[in-house]
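One-letter residues, chain by chain:
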Amino acid sequence: MNQFVLIQGSSEELNLFPHIIELGVIKNSSIQLNAFPKVLMQGVKFFYVLDGKFHWYIHDGEYILFPGDVAMILPGQEFGSSTAVLEVGSFSFLHINADLKDADEIVLDKWSSLSGNEITAISKILLLSNPLIITKINEAGRIIKCIHQELSNQEVGYFARVNNHIDELFILLTRQLTRQNNPGRDFHKTFMKLDDALRKDIAHQWTVDEMAALAGLGNTLFNEKVKSYTGFTPLNYLINIRISEAIKLLKKPQVSITDIAFDTGFYSSQHFSTTFKKLTGFTPGEFRKNNSYNE
Amino acid sequence: MKCIITIELGTNAVRIFAFGLNGIAIGSMKGYYPTFHTQPDYSEQDPEQIFITMLYVLKNLMNEIIHPKKYKVASVCFSSSMHSTLAVDKHGVPLGNAYTWADNRAKKEAIEIKGSSIADAMYSSTGTPLHPMSPMLKIAWMKNNDQEKFLQAGKFLSIKSYVIHQLTGEYMIDYSLACASGILNIHKVTWEQEALNFAGITTDKLPQLVPVFATAGTLKKAYQNSLGLSADTKILIGSSDGCLATLGAGIWNSDKATITIEDSSAVRVVGNKILHDEKKRIFNYLITENCFVSGGPSNSGGGTFEWFAKQFGDFATAYDLESCMNSLLQEATKVSIGSGGLLFLPYLLGERAPIWNPDARGMFFGINIKHEREHFIRATIEGILYEIYSVGKMLAEHRNISALSVNGSFATIPFCTQMIADMFNKQVYVTKNSNSVSSGAFLLAATEMGIFKSLDEAAGQIEIADSYSPGENHHHTYIKYFEIFESLSNKLGDEFAKIAELQEKNQ
């Protein structure tokens, strides 16, 4: 593939695709100083290494990328070379417009056909993985190449095709990431990671889809594995964590019961109260009364 | 129909069993809770999650098994893993997480007391080796490193005492679990002043000491209602997992020893005398008057083999870890005794008995050009069991052991059981009930109800499912390798310390 760069605003291929900021291939045959400084990323950028070896700073540290590797940079993350040097080698890249909502959800515009739930799950996985380096994934390079071809040839249906390819890239990388992060031989480790993610965001309305995706498993196998490992279904295990956290908060008189309900992920104080009572025999109010002390 | 429920608050999970009064299990359920390792040497669990998980599992068992079959629960008997330490404020509210048995943060305190003039006296009064696992040292650690928590603490509890306090409002601990705290004087059965001094506490900071048969108060009304248990359901304090696994293995006042190998392992004997070991390597837990469980715990076991399987197992064809371990075991059988002279020291997690060296590390020794993959597999298993043999050998210095009873998921793998018989050159029995802790808790509760006259008689009820005889001359072959294993374990002290230090620095 030859070197090229399409830029939003100046390349007419991108006129129908306002969400694509840049698409290109860089082939660099000699070291260039000050050509690759660290910048704060706006939007989401994908890099696919074709050739050479790159020392890049991604988000919070220095990493080495080899041919076949993908680096994905999310909005607000720092990216570039610590020495600002562009090393010898080649890579393709795709830069698209996307924002972070509430620091935990990637917002893609209407062009994407991913559903709301799917985007939530993908965002969770991408944001929890650090760094976002996916190794040995030639398929990603092929997709970026296809996007370029569609844009150049403009055959019938290319508008839909280009956008589908970008969705496909998100799906491919997310799936590969969960597999890479969760080698099948160690479910204990996978489960501890999941447990940690649940605890860090216990207020979130977790779905089984999201949890299964984080564990890098399909829903059916995930349910089965969690049940045999913990004795509980994934959602019931989650209830254990929610109620344990709620108990700690109930023992602190200054937090209101409604706040506790929402902070621990129940969708209403009624839902909290029913679940709590079913498990402990006490309503949250009664439990608090039994465990409150006048100093 | 009456039944007995046993609740085991284990290392990773709570296991609840229901038994008919005839000792046949009606049903069982488990619930997992996580262990947090926020720093090297730290190993913590959330007491609230343990409590809620226990409650949830118990409720499910009641609703799915006990109530539909119209059983009436006569008593609920508790057991738990040893050495857990939890500080609660004066109202019983936890001050953070509990430290588990595997928490080694009190290393310095252990070194300090081991080198002090009171070390010998402490071991003979408490009967417990001086090791960071001991709650006495964990409390001392809090005193030295977390003053705020230490001063705010109204009580220092075990996980079991905390769970029971939630259920009944009583602060209690049984003798056997109290022994594991390193604070109990096992001769006088009172808290030992010297240990209290070292921990920096007074007796009012500890729960009330009671016998293993004691009733730990009455279940709170709300729990009676939500679980469907009547007010006269006895809540029995019970004992520790180690003591009950021994009872459940049918070993009581005999010249047999029991070997438990799960993730980690232990070898234990029961008798009417405390085993006083000059080198302070043997623990002694008081069960009932003049009845002691003595032995040594090892950090290696099934967990060590699992580590090997994860790193070197073939996952291309294996569906999961279990099937991978099974195919490794298959491969191991292709190699003859002694693994062609390849030795493995299983000290991946440091070691307790018999070398009591937290810095010990694992190694393969004697590798030559002919060794293949299956030699390493077999050597790993042999190494784990040589370590068990060395714990047994330590006990044999004090007590004649004529036969063995094994339990636990690793020890009961036929290949391993046979290897144990060969190494020890003794008859090995496998009991019928696979979960010996629960069986032990049932026997304790049944004895309390008067179904058996004594624990002795109760232990006699345990049925043997299988028996393994040592192969001719196998012991002889193993022992030659074991001698090298043993001398390496003792010789490498300096190198262990140096490598452990480097590993800690480079974490």
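Rules used throughout
- Residues numbered from 1 in each chain as written.
- Chains lettered and ligands numbered in written order.
- Predicted model: local features only at pLDDT ≥ 70, side-chain atom pairs only at ≥ 80, totals over all residues.
- Heavy atoms only, no water.
- Helix = DSSP H or I, 4+ residues; strand = E, 2+ residues; numbered from the N terminus.
- Pairing = 2+ DSSP bridges.
- Axes fitted to C-alpha atoms, helices over the stretch in contact; angles between N-to-C directions.
- Contact = heavy atoms within 4.5 Å.
- Buried area = accessible area lost by both parts, 1.4 Å probe.
- Salt bridge = Lys/Arg side-chain N within 4 Å of Asp/Glu carboxyl O.
- Polar contact = N/O pair within 3.5 Å; in protein donor to acceptor, adjacent residues only side chain to side chain.
- Nonpolar A, V, L, I, M, F, W, Y, C, P; charged D, E, K, R; others polar.
- Buried < 20%, exposed > 50% of the residue type's maximum accessible area, 1.4 Å probe, protein only.
- Domains from an automatic or database assignment.
- 1 Å grid on protein atoms, 1.4 Å probe; cavity = no way out; pocket = protein on both sides within 12 Å on 5 of 7 lines; lining within 4 Å.
- Points joined across faces, edges and corners; volume = space filled by probe spheres on them.
- Phe/Tyr/Trp six-rings, centres within 6.5 Å; stacked < 30°, edge-to-face > 60°.
- Lys NZ or Arg CZ within 6 Å of the ring centre and 35° of its normal.

Caption draft 1: Representation of the environment of Ser323(B) in the model. Inspection of the secondary structure puts Ser323(B) in helix 12 (residues 321-332). In sequence terms Ser323(B) and Phe292(B) are 31 residues apart; their C-alpha atoms lie 39 Å from each other.

Caption draft 2: Spotlight on the sheet that holds strand 15 (residues 265-271) of chain B. All names here are of chain B. Ordered in space as 16-17-15-14-20-21-22, the seven strands form an open sheet in which the pairing is mixed. Of all strands in the sheet, those bounded by a partner on one side alone are strand 16 (283-288) and strand 22 (464-468). Neighbour-to-neighbour, the strand axes of this sheet turn through a mean angle of 25°, independent of strand direction. Note: strand 15 against strand 17 (residues 291-298), seven bridges, orientation antiparallel. The partner of Val-267 across the bridge, within strand 17, is Gly-296.

Caption draft 3: Highlighting the interface of chain A and chain B. Contact with chain A, which involves 33 residues of that partner, is made by 32 residues of chain B. For the pair chain A and chain B, the two sides together bury roughly 2700 Å², of which 59% comes from carbon and sulfur. Its largest share of buried area at the contact with chain B, chain A owes to Arg185(A), Lys251(A) and Leu279(A), together 24% of the area lost on that side. Counting the contacts that link chain A with chain B gives three salt bridges. Applying the counting criterion to the chain A and chain B interface returns eleven residue pairs in polar contact (both at pLDDT 80 or more). For the side of chain A that touches chain B, the elements supplying multiple residues, two or more each, are helix 4 (187-200), helix 6 (219-230), helix 7 (234-250) and helix 9 (269-280) of chain A. It is helix 7 of chain A that contributes the most residues to the side of chain A that touches chain B, ten residues altogether. Of the residues belonging to the side of chain A that touches chain B, the class tally is 13 nonpolar, nine polar and eleven charged.

Caption draft 4: Region of interest: the side chain of Ser300(B). Residues and elements named next belong to chain B. Relative to the helices and strands, Ser-300 resides in the loop between strand 17 and helix 11 (302-312). Owing to a relative accessible area of 2%, Ser-300 belongs among the buried residues under this scheme. In contact with Ser-300, other than residues within four places in its own chain, are Asp-263, Ser-264, Ser-265, Pro-346, Glu-351, Ile-384 and Glu-387.

Caption draft 5: The arrangement of the domain arrangement of chain A in detail. Residues and elements named next belong to chain A. When the domains of chain A are assigned, the result is domain 1 (4-181) and domain 2 (184-295). For domain 1 and domain 2, the distance between their C-alpha centres works out to 35 Å. On the side of domain 2, nine residues touch domain 1, which itself brings eight residues to the contact. Between domain 1 and domain 2, the buried area comes to about 750 Å², and carbon and sulfur atoms account for 67% of it. For the domain 1 face of the interface with domain 2, the top three residues by lost area are Lys-124, Leu-128 and Thr-178, together amounting to 51%. Put simply, domain 1 and domain 2 have one salt bridge between them.

Caption draft 6: Structural detail: the pattern of salt bridges. One pass over the structure, following the stated rule, counts 28 salt bridges over all chains. For Asp174(B), the salt bridge goes to Lys160(B), with nearest N and O atoms at 2.6 Å. Taken together, the positions of Asp174(B) in strand 9 (residues 172-174) and Lys160(B) in helix 6 (residues 159-168) put the pair 14 residues apart, joining distant regions of the chain. Comparing Asp174(B) with Lys160(B), the two get one shared label, buried. Each of Glu139(A), Arg142(A) and Glu168(A) takes part in salt bridges that share partners, so that together they form one network.

Caption draft 7: Representation of empty space enclosed by the protein. Residue and element names in this part refer to chain B. Applying the stated criterion across every chain, the model contains six cavities of 30 Å³ or more. In this structure, the largest cavity spans a volume of roughly 120 Å³. As for the largest cavity, its lining consists of 16 residues, and the residues nearest its centre are Ser-84, Pro-135, Ser-158, Ile-173 and Ser-181. Looking at the lining of the largest cavity, the elements with two or more residues in it are helix 4 (135-145) and strand 8 (155-157). When the residues that make up the lining of the largest cavity are grouped by side-chain class, the tally is eleven nonpolar, five polar and no charged. In this structure, the second largest cavity occupies an estimated 70 Å³ of space. Leu-9, Gly-10, Tyr-33, Gln-45, Ile-50, Ser-80, Ser-81, Met-82, Ser-84, Thr-100, Trp-101 and Ile-159 together form the lining of the second largest cavity. Looking at the lining of the second largest cavity residue by residue, the class counts come to six nonpolar, six polar and no charged.

Caption draft 8: View of unusual backbone geometry. Omega for the bond connecting Ala353(B) with Pro354(B) falls within 30 degrees of zero, at -5°, which places this linkage in the cis form. With respect to the helices and strands, the residue Pro354(B) is situated in the loop between strand 18 (343-345) and strand 19 (363-365). For Lys136(A), which is not glycine, the phi torsion reads 45° and is therefore positive. Following the sequence through the fold, Lys136(A) ends up in the loop between strand 12 (133-134) and helix 2 (138-153). Take Lys136(A): its relative accessible area is 72%, and that puts it in the exposed class. Not every positive phi belongs to a glycine, and Gln154(A) is a case in point at roughly 50°. Take Gln154(A): it is sitting in the loop between helix 2 and helix 3 (158-181). Classification of Gln154(A) as partly exposed rests on a relative accessible area of 39%.

Caption draft 9: Summary view of the packing of aromatic side chains. Under the definition given, this model contains 50 aromatic pairs over all chains. Each ring, one from Phe282(A) and one from Tyr223(B), has its centre 5.3 Å from the other, and the planes form 90°; the classification is edge-to-face. Of the two residues, Phe282(A) sits in the loop between helix 9 and helix 10 (284-290) while Tyr223(B) sits in helix 9 (residues 221-227), which places them in two different chains. Both residues of the pair, Phe282(A) and Tyr223(B), count as buried. Ring-pair connections join several aromatic residues into one group, and the members of that group are Tyr347(B), Tyr386(B), Tyr389(B), Phe424(B), Tyr478(B), Phe482(B), Phe485(B) and Phe496(B). The residue whose ring lies beneath Lys38(A) is Tyr57(A), and the NZ or CZ to ring-centre distance is 3.8 Å.

Caption draft 10: Local environment of the pairing of strand 4 (residues 44-52) of chain A. All names here are of chain A. Two elements, strand 4 and strand 9 (residues 89-96), share eight bridges in a ladder whose sense is antiparallel. Along strand 9, the bridge assignment pairs Tyr-48 with Ser-92. Looking at chain direction, strand 4 and strand 7 (residues 70-73) are connected through four bridges and run antiparallel. Looking at the pairing, Phe-46 lines up with Met-72 of strand 7.

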